[in-house]
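Here is what each chain is made of, one letter per residue.
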Amino acid sequence: QFTVEFALFATAYWFFYLVVAAAVSAIAVIKFKVDYTNLEISQLRREIFLTLEGYTTNAVCYFIIIQFISSWRYEFTDVKDVAISYIGNSLVFCVWFYFSHRLWHSNRFLYRYVHSHHHESVIVCPLTSLSNAWIESVWVSTGYVIGPYFFGFSNIWGWYMVTLSIIFEAIIGHSRIPYSLEHATHHAVYNKNMGFFSYRMGRISIDKLLNTWSYKSEVPRMRKLYRREVMSYVWNDNEHKVNWDMLGKDVDCDENIKCDKPALVSDSDERDSSDSSDSSLSSCSDCNGLAQNKGAPSCQEPMEKIICNPRQ
């Protein structure tokens, strides 16, 4: 049955997304001088459409999940039970999402029909966070069933908190503020940084344990797509800081960056990839050809301007 409680949750979920996305965007622009003006209108229109599609699909899936689980516990005053449900469901979801994400990227069919819509946005912003095709939203939502159904993490208030924290993390991860560019790195090279919460988990993150982690400074393409942010934020195993003197400055390519040679993957990715012979690109036409061959998003005009003419 469609309950008032679920209607309130669905409404709160949508307003939570809008408020957090607006607040994070404002903080990114005002405090960290993130420049979102390099986004094309066509990208924003596509992301708005996919966000509405993703939200609607999520709402339907959440409603079905709530009806499907018969063991829900509703005691919000039981702090211990709420906390166990929140932590347990978060861990289960992170594992589910990581291996699902790897599968989407390793299977050409799944990438094309499930996940490629999200990766059409190479330059990210908070609006990118929910811009998924409906089939990806269904797949991801399945991960919310596993904890309550199989492991007993079924305090519904802890479960609600997980759904909200995941969308919060997704917005932060696409915002370009400090400590969030590791997911932008994933949009740049595709086969790195697959997990949720990886940059918060330190050395025990799934990405680091399974060798799919990469810092933005290790990816030459990041210095072309996000050169201002990369030069402004220092984030590695030993040091976490913001270079405030660099914020807001139009950082040109330095002597270590070959601006006229775009790269679809990093040097380390090139060594690890079985298709390493295709990884070195010398022109935008090469990039287009490689993208089409691998099922990845093609080098559309906005992307070409950024990669092949990074000073523009």
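Use the structure listed above.
Described in the following lines is the structure provided in the data block. Values in this document were obtained by computation on a predicted structure and should not be read as measured data.

**Looking at the environment of A188**
Mapped onto the secondary structure, A188 falls in helix α7 (residues 181-189). Classification of A188 by relative accessible area gives buried; the value is 0%. It is 7.8 Å that separates the C-alpha atoms of A188 and L225, two residues lying 37 residues apart in sequence.

**What to know about the nonpolar core**
Of all hydrophobic cores here, the largest spans 58 residues; its most connected members are Y62, I65, Y144, W159, F196, M222 and Y226. Mapped onto this core, the elements with two or more residues apiece are α1 (4-30), α2 (41-68), α3 (79-106), α4 (108-119), α5 (134-151), α6 (156-173), α7 and α10 (222-225). Residue contacts for Y226: discarding those within four places in its chain leaves V122, I123, V124, R176, L181 and A184.

**Let's talk about the packing of aromatic side chains**
Applying the stated rule across the entire model yields 28 aromatic pairs. Plain terms: the ring middles of F109 and Y113 are 4.8 Å apart, the flat faces sit at 45° to each other, and that makes the pair tilted. Residue F109 and its partner Y113 are both found in helix α4; the two are separated by four residues, about one turn of the helix. Given a relative accessible area of 54%, F109 falls into the exposed group.

**Let's talk about a nonpolar patch on the surface**
A surface patch of nonpolar side chains, about 500 Å² in accessible area, is lined by F68, Y149, F150 and F151. Broken down by element, the residue count for the nonpolar patch peaks at three residues, all from α5. Relative to the helices and strands, F151 resides in helix α5.

**Notes on α5**
A rise of 1.5 Å per residue sets the reference length of α5, with its 18 residues, at 26 Å; its end C-alpha atoms lie 27 Å apart and thus fit the reference within 8%. The sharpest bend along α5 reaches about 30° and sits at V145, with the proline P148 one to four residues further on. Those residues of α5 that fall on the buried side of the exposure criterion are E136, S137, V140, S141, G143, Y144, V145, I146, G147 and P148. On the buried face of α5, the contacting elements are α2, α3, α4 and α6. Positive backbone phi, at 80°, marks G152, one or two positions downstream of α5.

Criteria and cut-off values
Residues numbered from 1 in each chain as written. Predicted model: local features only at pLDDT ≥ 70, side-chain atom pairs only at ≥ 80, totals over all residues. Heavy atoms only, no water. Helix = DSSP H or I, 4+ residues; strand = E, 2+ residues; numbered from the N terminus. Buried < 20%, exposed > 50% of the residue type's maximum accessible area, 1.4 Å probe, protein only. Core = buried A, V, L, I, M, F, W, Y, C linked by side-chain atoms within 4.5 Å. Contact = heavy atoms within 4.5 Å. Phe/Tyr/Trp six-rings, centres within 6.5 Å; stacked < 30°, edge-to-face > 60°. Patch = residues over 30% accessible without salt bridge, like charges linked within 9 Å, V, L, I, M, F, W, Y side chains within 5 Å. Areas by Shrake-Rupley, 256 points an atom, 1.4 Å probe, with all protein chains shown as cover. Salt bridge = Lys/Arg side-chain N within 4 Å of Asp/Glu carboxyl O. Expected span 1.5 Å × (residues − 1). Bend = angle between axes of the 7 residues up to and from the residue.

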